[in-house]
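Below, each chain spelled out in residue letters.
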Amino acid sequence: GAGVSQSPSNKVTEKGKDVELRCDPISGHTALYWYRQRLGQGLEFLIYFQGNSAPDKSGLPSDRFSAERTGESVSTLTIQRTQQEDSAVYLCASSSAGTVHNSPLHFGNGTRLTVT
Amino acid sequence: GQNIDQPTEMTATEGAIVQINCTYQTSGFNGLFWYQQHAGEAPTFLSYNVLDGLEEKGRFSSFLSRSKGYSYLLLKELQMKDSASYLCAVRGDDYKLSFGAGTTVTVRA
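1. Side note on the confidence of the model for chain B
On average, residues of chain B score 94 in pLDDT, and 99% of them reach the 70 mark or higher. Confidence, read as mean pLDDT per element, is least for strand S10 (residues 97-99) of chain B in chain B (89) and greatest for strand S8 (residues 70-75) of chain B (98).

2. Considering the interface of chain A and chain B
Facing 23 residues of chain A, the contacting portion of chain B comprises 17 residues. Summed over both sides, the interface between chain A and chain B buries roughly 1600 Å², with carbon and sulfur atoms accounting for 56% of that surface. Where chain A meets chain B, there are 0 salt bridges. Our count for the contact surface shared by chain A and chain B stands at 5 residue pairs in polar contact (both at pLDDT 80 or more). Of all the secondary-structure elements, those providing two or more residues to the side of chain A that touches chain B are strand S4 (31-37), strand S5 (43-50) and strand S8 (88-95) of chain A.

3. Concerning unusual backbone geometry
Most peptide bonds are trans, and most residues other than glycine sit at a negative phi. Of the consecutive residues A:Ser7 and A:Pro8, the connecting peptide bond is found in the cis state with omega at -10°. Unusually for a residue other than glycine, A:Arg81 sits at a positive phi of about 45°. Relative to the assigned elements, A:Arg81 resides in the loop between strand S7 (75-79) and S8. With a phi close to 45°, B:Glu77 is a non-glycine residue in the positive phi region. Within the element layout of this structure, B:Glu77 appears in the loop between S8 and strand S9 (84-91).

4. Things to note about the layout of surface pockets
A volume near 680 Å³ is recorded for the largest pocket. Lining the largest pocket are 31 residues, with A:Gln37, A:Leu39, A:Gly40, B:Gln37 and B:Gly40 positioned closest to its centre. Looking at which element gives the most residues to the lining of the largest pocket, the answer is strand S10 (residues 111-115) of chain A, with 4 residues. Classifying every residue of the lining of the largest pocket by side-chain character gives 10 nonpolar, 18 polar and 3 charged. There is about 180 Å³ of room inside the second largest pocket. Taken together, A:Tyr35, A:Leu43, A:Glu44, A:Phe45, B:Gln2, B:Asn3, B:Ile4, B:Lys96, B:Ser98 and B:Phe99 make up the lining of the second largest pocket.

5. What about the side chain of A:Thr82?
All names here are of chain A. Tracing the chain through its elements places threonine 82 in the loop between S7 and S8. What makes threonine 82 buried here is its relative accessible area of 0%. Engagement of the side chain of threonine 82 in a polar contact is seen with the backbone oxygen of glutamate 14, the distance being 3.3 Å.

6. Some thoughts on the state of the cysteines
What makes a disulfide is a covalent bond joining the sulfur atoms belonging to two cysteines. Taken as a whole, this structure holds 2 disulfides over all chains when the rule is applied. Residue A:Cys23 pairs covalently with A:Cys92 via a disulfide, S to S 1.9 Å. An S-S torsion of about -65° defines the bridge between A:Cys23 and A:Cys92 as left-handed. Of this pair, A:Cys23 sits in strand S3 (residues 19-24) while A:Cys92 is found in strand S8, placing the two residues 69 residues apart along the sequence. The class of A:Cys23 is buried, set by a relative accessible area of 0%. A sulfur-sulfur separation of 2.0 Å characterises the disulfide bridge that pairs B:Cys22 with B:Cys88. Taking the torsion about the S-S bond as the criterion, the B:Cys22 to B:Cys88 disulfide, at about -70°, is left-handed.

How each quantity is defined
- Residues numbered from 1 in each chain as written.
- Chains lettered and ligands numbered in written order.
- Predicted model: local features only at pLDDT ≥ 70, side-chain atom pairs only at ≥ 80, totals over all residues.
- Heavy atoms only, no water.
- pLDDT = per-residue confidence, 0-100.
- Helix = DSSP H or I, 4+ residues; strand = E, 2+ residues; numbered from the N terminus.
- Contact = heavy atoms within 4.5 Å.
- Buried area = accessible area lost by both parts, 1.4 Å probe.
- Salt bridge = Lys/Arg side-chain N within 4 Å of Asp/Glu carboxyl O.
- Polar contact = N/O pair within 3.5 Å; in protein donor to acceptor, adjacent residues only side chain to side chain.
- 1 Å grid on protein atoms, 1.4 Å probe; cavity = no way out; pocket = protein on both sides within 12 Å on 5 of 7 lines; lining within 4 Å.
- Points joined across faces, edges and corners; volume = space filled by probe spheres on them.
- Nonpolar A, V, L, I, M, F, W, Y, C, P; charged D, E, K, R; others polar.
- Buried < 20%, exposed > 50% of the residue type's maximum accessible area, 1.4 Å probe, protein only.
- Disulfide = S-S within 2.5 Å.

Printed below as a string of structure tokens:
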């Protein structure tokens, strides 16, 4: 595919609702990452998938956050019972081989989540 | 854990040179990346260093000293379009990329 695709690009939701964010990585990329970026701040690691290995979930901020990936393709990030503090841009990135040191991450344009 | 530090903001004049420093303390080291992020856009890859020394790519150069846990990104002949946030990121033993908070560079005419 052309690049990493994320949907929706913008999501406004009411506090307490669940949201699901989608990421389509570049075809053939085995590694997939989710990051969160609050306004004016750096990238906060959430979760990392590499091939068929167990994902690294060490960055998920609470049990309201979960993510899945189907094989080496689409990933979804789910946030349950959203809180206002969850408002941020959620960035997905993929790379060609997570175990190849110099493979850079290619980012999608992100989903801007606003919890009202 | 990972600790990556870079200055918050820098300002420079069009045509000048700016050096953005990054220091890191990480669990293992498998390379250091620099990314550029314009406001409201996704980060884009600029450079990669894994061995000590300077890597040059046109107006941008990146330097690494593994023994000092230190890198810098050098931007030469600054242009207005270089106004952006510059992110330092380190790949540790677990191959995931940990990012610094970013340095916002403002280029003034």
